[in-house]
Amino acid sequence: MVVTQNKPDNLGVLMINFSPVVREGLQAILAKDEKLKVLGDVPDEHQAIDHIKKANEEGKAVHVVLTESRSGKLDGVQATKLIKEEFPGVVVLVLAENPNDSYVIDAIHAGASGYIFLKDISPEALRQSIHRAVEGAAQVSTSVMRAAVENLILNGQKTLAERTTEAAHLTHREVDVLRLMGNGDSNKVIADTLGISLDTAKKHVRNVIDKMQARSRTHAAIIAAQAGIVGKPITPIIAQEKSDAGFLD
């Protein structure tokens, strides 16, 4: 059932971390609709939240946020979750270039109003999708939904540990860190085991806690132990200088 919301005359649109080519393309597409106003493009979800707050204070409300499923260091699912927690009324649409992207279900659970495969949609349809999403209609491309269903079937065959780490969208390095946290290892032991600096280890621990929505380090360790995410890291130890440079961290 579609619930129609009170729709403002003009919709403020904020974009997060799109590549220059995609960003310019989206700006050109949205510019064709005089009721869609692009208010900016920010690098991550934290700056998006700051931008939305400032825009609201200046009377230029952000109604729609466009983000990618994953781009560089950006995790669109995590971005969606944080934005919806802070601004429940803001519509988030996740755009994807990969037709087999498995993030669709997680994105919807995080609060996204739509998940759109860019190669599957025309400029006019994209503009209309934004309007319909603000009105309360879910926007999910058929090809993406099909891939999501296939992914659900595949997930049913995975272990609890695999499902837990994938649900939190942990990187391979963060899974290694979580394994050691599940063992009760300190930041220093984690750093020594993985061959990374103490500061890098602390950063990974914070990221793991945030992504798993754990209340504390201990809570994250308990979740890891319950899911069977314990033991030695599954990725090889790398050189200190490469780790600190961020090649695999």
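Residues numbered from 1 in each chain as written. Predicted model: local features only at pLDDT ≥ 70, side-chain atom pairs only at ≥ 80, totals over all residues. Heavy atoms only, no water.

**Quick word on the overall build of the protein**
Let me state the cut-off plainly: For the purposes of this entry, the term helix denotes a DSSP run of H or I that reaches at least four residues, the term strand denotes a run of E that reaches at least two, and both are numbered from the N terminus. We call two residues in contact whenever any of their non-hydrogen atoms come within 4.5 Å of each other. For every accessible area listed, the method is Shrake-Rupley and the probe measures 1.4 Å; residues are considered covered only by the protein chains on display.
Looking only at helices and strands, one finds 12 helices and eight strands in the protein. Relative to all contacts within the protein whose residues are 6 or more apart in sequence, the contacts with residues 24 or more apart total 70%. A total accessible area of about 12,900 Å² is found for the protein, and carbon and sulfur atoms account for 52% of it.

**A word on helix α5 (residues 123–135)**
Rule in force here: The span you would expect from a helix comes to 1.5 Å times its residue count less one. Each residue is assigned to one of three classes by its accessible area relative to the maximum for its type, calculated with a 1.4 Å probe on protein chains only: buried under 20%, partly exposed between the two thresholds, exposed over 50%.
The end-to-end C-alpha distance of α5 is 19 Å, a good match for the 18 Å that 13 residues give at a rise of 1.5 Å each. Listing the buried residues of α5 in full gives Leu 126, Arg 127, Ser 129, Ile 130, His 131, Ala 133 and Val 134. Once α5 finishes, Gly 136 follows within two positions and takes phi at roughly 110°, a positive value.

**Describing the side chain of Asn 187**
Applicable threshold: Polar contacts, as counted here, are pairs of nitrogen or oxygen atoms within 3.5 Å of one another; within protein the pair requires one atom able to donate a hydrogen and one able to accept it, and residues that are adjacent in sequence qualify only if both atoms are side-chain atoms.
Along the chain, the position of Asn 187 falls in helix α9 (residues 187–194). For Asn 187, the side chain forms a polar contact with the side chain of Arg 217, separated by 2.6 Å. The contacts of Asn 187, once residues within four sequence positions are left out, are Leu 198, Ala 201, Lys 202, Val 205 and Arg 217.

**Observations concerning the sheet that holds strand β2 (residues 36–42)**
Test applied: Strands are labelled as partners when DSSP assigns at least two bridges between them. In this description, a line fitted to the C-alpha atoms serves as the axis of each element, helices being fitted only across the stretch in contact, and the angle between N-to-C directions of two axes falls anywhere from 0 to 180 degrees.
Strand order in the open sheet formed by six strands is β2-β1-β3-β6-β7-β8, and the pairing between neighbours is parallel. For this open sheet the edge positions go to β2 and β8 (139–140), each flanked by a neighbour on one side alone. Its contacts with the sheet put helix α2 (residues 45–57) on β1 (11–16), β2 and β3 (64–68), and the angle it makes with β1 is roughly 155°. Relative to strand β6 (residues 91–96), α5 is tilted by about 150°, and along the sheet it contacts β1, β2, β3, β6, β7 (114–117) and β8.

**Digging into unusual backbone geometry**
Of note in the backbone geometry, Asn 17 takes a positive phi value of approximately 55° without being a glycine. Counting through the fold element by element, Asn 17 comes out in the loop between β1 and α1 (20–31). Residue Asn 17 is classed as partly exposed on the basis of its relative accessible area, which comes to 22%. Not every positive phi belongs to a glycine, and Gln 213 is a case in point at roughly 55°. Relative to the helices and strands, Gln 213 is located in the loop between α10 (198–211) and α11 (217–227).

**Some words on the confidence of the model for the protein**
The predicted structure's coordinates, where accompanied by low pLDDT, should not be read in detail. Definition in use: pLDDT runs from 0 to 100 and stands for how confident the predictor is about each residue.
Looking at the protein, pLDDT values average 79 and 76% of them are 70 or higher. Within the protein, the lowest mean pLDDT, 36, falls on helix α12 (residues 240–245), and the highest, 95, falls on β1. Within the model, the stretch residues 1–5 combines pLDDT values under 50 with nine contacts to residues more than four positions away or in other chains. Residue range residues 236–249 is modelled with pLDDT below 50. Its contacts to residues more than four positions away, or to other chains, number 29 contacts.

**Digging into the pattern of salt bridges**
Any two side chains of opposite charge can pair if their charged atoms end up close together. What counts here: Salt-bridge detection follows one rule: a side-chain nitrogen of Lys or Arg within 4 Å of a carboxyl oxygen of Asp or Glu.
Tallied over the entire structure, the rule returns six salt bridges. Among the ionic pairs, Glu 174 bridges to Lys 211, the shortest N-O distance being 3.0 Å. Placement of the pair is Glu 174 in helix α8 (residues 172–182) and Lys 211 in helix α10, with a sequence separation of 37 residues. For the pair shown, Glu 174 and Lys 211 are each scored as buried. When the shortest N-O distance is used, the salt bridge between Lys 188 and Asp 192 registers 3.0 Å. Here Lys 188 pairs with Asp 192, and both are found in helix α9, just four residues apart, close to one helical turn.

**Comments concerning the pairing of β3**
For β3, the buried fraction is high: five of the five residues fall into the buried class. Of the two faces of β3, the one carrying Val 64, Leu 66 and Glu 68 and the one carrying Val 65 and Thr 67 are both buried. Judged from the four bridges that link them, β1 and β3 form a sheet pairing that is parallel. By the bridge assignment for β3, Val 13 is matched with Val 64. Relative to β6, β3 runs parallel, the two sharing five bridges. Each bridged residue has a counterpart across the sheet, and for Glu 68 the counterpart in β6 is Leu 95.

**Here's the deal with the nonpolar core**
Basically, it comes down to this: Here, the term nonpolar core denotes a set of buried Ala, Val, Leu, Ile, Met, Phe, Trp, Tyr and Cys residues that are joined through side-chain atoms within 4.5 Å.
Counting residues in each nonpolar core, the largest one holds 22 residues, and the members touching the most others are Val 177, Leu 178, Met 181, Ile 190 and Met 212. Taken together, the elements giving at least two residues each to this core come down to α8, α9, α10 and α11. Ranked by residues supplied to this core, first place goes to α8 with five residues. Sequence-distant contacts of Val 177, defined by excluding residues within four places in its chain, comprise Ile 190, Leu 194, His 204, Val 205 and Val 208. By size, the runner-up hydrophobic cluster in this structure holds 19 residues, among which are Leu 30, Val 91, Leu 93 and Leu 126.

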